[in-house]
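An overview of the molecular structure
If you want the building blocks of each chain, they are given just below.
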Amino acid sequence: EKGGYDHFMLKEIYEQPHAIKDTYRGRLRVEQGIVKMAGVDQNLERFLNANRIIIVACGTSWHAGLVAEYIFEDLARIPVEVEYASEFRYRNPVITDKDVVIAISQSGETADTLAAIKLAKEKGAFVFGICNVVGSSIARETHAGAYTHAGPEIGVASTKAFTTQITLLTLLALKLARESGTLSKTKFHEILTEMEGIPAKVERVLESNPLIEIIADVYKDAENCLYLGRGYNFPVALEGALKLKEISYIHAEGYPAAEMKHGPIALIDEQMPVIVIATKKGHYEKVVSNIQEIKSRKGKIIAVVTEGDSQVRDLADHVVEVPESSEALSPLLTTIPLQLLSYHIAVMRGCNVDQPRNLAKSVTVE
Ligand code: F6R
């Protein structure tokens, strides 16, 4: 049932090129120049008249929401707030019937997310669900929605659910941006075409697996790890740190790269591996100077870079390359090496990768 892989997690990491295709199949129509999403078309006015979008989710799904915040604001020019469902539901939040709430959940059963949805509905918001599990509680409780179609995710640590959520949210943002006119036809077409090429690029990133295994061997005994990224790749840093924590039990933190100097830089010494996302598009020069700051404090640098990069290669202890992409779609590529790194470190430490201690696949209690 693991299809020849040692663990479900590894199988699911490798399924991502297919899973992403399954998410955009029938929706992404490059030739017609449209994004087709029935649940959105039927409620287009609600979306287009929205004062803002509030995204509610937990854990990895919340990280997908953070990536979506960048996409929606960048392309569709709709203000977005991303909320932990558990905080949102108990905060007496300001919600009106002009708000659109997007709930993201792989399992569709997360108790806090479900409660946040009920609250938002009571206050008159339109609630759109993004779930993987068909017929789940959240899928039933929302006004409309779209499934990621990632296929069953068995490993407790979420992998393909994350990249397919980002894929779906990107399609949604593109659709709204085109319908509202905030995105030109040319740019829209350009991103649609690029999205179609993402699965092949993910395949290429997966080819780095043997290299990542070597890197994992060097850092498997680390006690702490720092993950840094900027812009669209800040949430990827958070997600990378979460993956490492949950399956290898190494303490890890994700930070926006520029925040390092406001505190975490104090942690850096020769014992501290720092994983930095330093792809070419989006704040590259700024990230390079962040890398120099780490290097001058003797931190160990593992950088995720764009193919052909030489500047970061000269500074970093290890580099993993990903194919070139726009900043908006780069999280779909940069996430993959971080998943693999956590996986290998956890295996080398003898951890139960598919069922980490204290964790459950769906959290149905608050
Ligand atoms: C992380 C992980 C959890 C879930 C979170 C939300 O790998 O699995 O953080 O992402 O419990 O679950 P869903 O998406 O099912 O609502």
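So, here's what we can say about the structure. Keep in mind the model is a prediction, meaning the values are calculated, not measured.

The 5 strands are arranged β9-β8-β10-β11-β12 in an open sheet whose pairing can be described as parallel. Two strands close off the open sheet at either side, each with one partner strand: β9 (251-256) and β12 (318-322). Ignoring which end each strand starts from, the neighbouring axes of this sheet average 15 degrees apart. Here helix α12 (residues 209-219) sits on the sheet in contact with β10 (273-278), β11 (300-306) and β12, set at roughly 150 degrees to β12.

What follows deals with the sheet that holds strand β7 (residues 144-147). The sheet built from 5 strands is open, its strands ordered β4-β3-β5-β6-β7 with parallel pairing. Both outer strands of the open sheet, β4 (80-84) and β7, are each paired with one neighbouring strand and no more. The average angle at which neighbouring strand axes cross in this sheet is 20 degrees, direction not considered. Relative to strand β6 (residues 126-131), strand β5 (residues 99-105) is paired through 6 bridges, and the arrangement is parallel. If you follow Ile102 over to β6, its bridge partner there is Phe128. Helix α5 (residues 59-76) rests against β3 (52-57), β4 and β5 of the sheet, and its axis sits at about 175 degrees to β4. Contacting β3, β5 and β6, helix α7 (residues 111-122) crosses the sheet at an angle of about 165 degrees to β5.

This structure, assessed with the given rule, holds 0 disulfides. Here Cys225 is not cross-linked by a disulfide; its sulfur's nearest cysteine counterpart is in Cys351, at 13 Å.

Backbone geometry at Tyr249 places phi at a positive 65 degrees, although glycine is not the residue there. Here Tyr249 is to be found in the loop between α13 (234-248) and β9. Tyr249 sits in the partly exposed class, given a relative accessible area of 27%. Although it is not a glycine, Asn358 adopts a positive phi angle of roughly 65 degrees. Here Asn358 falls in the exposed class, since its relative accessible area comes to 75%.

Another point: the pattern of salt bridges. This model, assessed by the stated rule, comprises 21 salt bridges. Ionic pairing is found between Arg25 and Asp22, a salt bridge with its closest N-O pair at 2.5 Å. Using a relative accessible area of 52% as the deciding quantity, one classes Arg25 as exposed. For Asp309, the salt bridge goes to Lys280, with nearest N and O atoms at 3.7 Å. Of this pair, Asp309 sits in the loop between β11 and α15 (311-315) while Lys280 sits in the loop between β10 and α14 (284-295), and the two are 29 residues apart along the sequence. Classification of Asp309 by relative accessible area gives buried; the value is 2%.

This paragraph deals with the side chain of Glu194. Note that Glu194 resides in helix α10 (residues 185-196). For the buried Glu194, no salt bridge is present, and the opposite-charge side chain at shortest range is Lys201, 4.3 Å distant. Leave out the neighbours within four places in its chain, and Glu194 touches Lys201, Ser325, Ser326 and Leu329.

The next point concerns the packing of α12 against helix α16 (residues 331-348). Running from N to C, α12 and α16 cross one another at 50 degrees; their axes reach a closest spacing of 8 Å. One way to sum up the angle between α12 and α16 is to call them oblique. Classified by chirality, the crossing of α16 by α12 is right-handed. Contact residues: Asn209, Ile212, Glu213, Ile215, Ala216, Asp217 and Tyr219 in α12; Pro337, Leu340, Leu341, His344, Ile345 and Met348 in α16. Class assignment for the residues of the contact of α12 with α16 results in 9 nonpolar, 2 polar and 2 charged.

Formed by 91 residues in total, the largest nonpolar core has its most connected members in Phe72, Ile102, Phe128, Leu172, Leu176 and Tyr227. With 10 residues, helix α9 (residues 160-180) is the single largest residue contributor to this core. For Phe72, the contacting residues outside a window of four places in its chain are Ile53, Arg77, Ile78, Val80, Ile102, Leu169, Leu172, Ala173 and Leu176. Judged by nonpolar contacts, the second largest core, of 22 residues, contains Ile265, Met272, Val276 and Val319.

This part is about the site of the ligand. Residues in contact with the ligand amount to 14 residues; listed here are only the nearest, Ser61, Ser105, Ser107, Thr110 and Glu246. Contact between the ligand and Thr60: an oxygen atom at 3.0 Å from a main-chain N or O atom of the residue. Ser105 places a polar side-chain atom, nitrogen or oxygen, 2.6 Å from an oxygen atom of the ligand. Elements represented by at least two residues in the shell around the ligand include exactly α5 and α13. Of the residues contributing to the shell around the ligand, the split by class is 4 nonpolar, 8 polar and 2 charged.

It is a probe the size of a water molecule, rolled over the atoms, that shows where empty space is left. Each pocket or cavity is described by its volume, and for the largest pocket that value is around 520 Å³. Along the wall of the largest pocket there are 23 residues; nearest its centre are Cys58, Gly59, Thr60, Lys361 and Val363. The set of elements that each furnish at least two residues to the lining of the largest pocket consists of α5, β5, α7 and α13. In this structure, the second largest pocket spans a volume of roughly 210 Å³. For the lining of the second largest pocket, the class distribution of residues is 6 nonpolar, 2 polar and 5 charged.

Reading the values: the criteria
Residues numbered from 1 in each chain as written. Predicted model: local features only at pLDDT ≥ 70, side-chain atom pairs only at ≥ 80, totals over all residues. Heavy atoms only, no water. Pairing = 2+ DSSP bridges. Helix = DSSP H or I, 4+ residues; strand = E, 2+ residues; numbered from the N terminus. Axes fitted to C-alpha atoms, helices over the stretch in contact; angles between N-to-C directions. Contact = heavy atoms within 4.5 Å. Disulfide = S-S within 2.5 Å. Buried < 20%, exposed > 50% of the residue type's maximum accessible area, 1.4 Å probe, protein only. Salt bridge = Lys/Arg side-chain N within 4 Å of Asp/Glu carboxyl O. Lys, Arg positive; Asp, Glu negative; His and termini not counted. Parallel < 35°, antiparallel > 145°, perpendicular 65-115°, else oblique. Left-handed = near helix turned anticlockwise from the far one by under 90°. Nonpolar A, V, L, I, M, F, W, Y, C, P; charged D, E, K, R; others polar. Core = buried A, V, L, I, M, F, W, Y, C linked by side-chain atoms within 4.5 Å. Near = heavy atom within 4 Å. Polar contact = N/O pair within 3.5 Å; in protein donor to acceptor, adjacent residues only side chain to side chain. 1 Å grid on protein atoms, 1.4 Å probe; cavity = no way out; pocket = protein on both sides within 12 Å on 5 of 7 lines; lining within 4 Å. Points joined across faces, edges and corners; volume = space filled by probe spheres on them.

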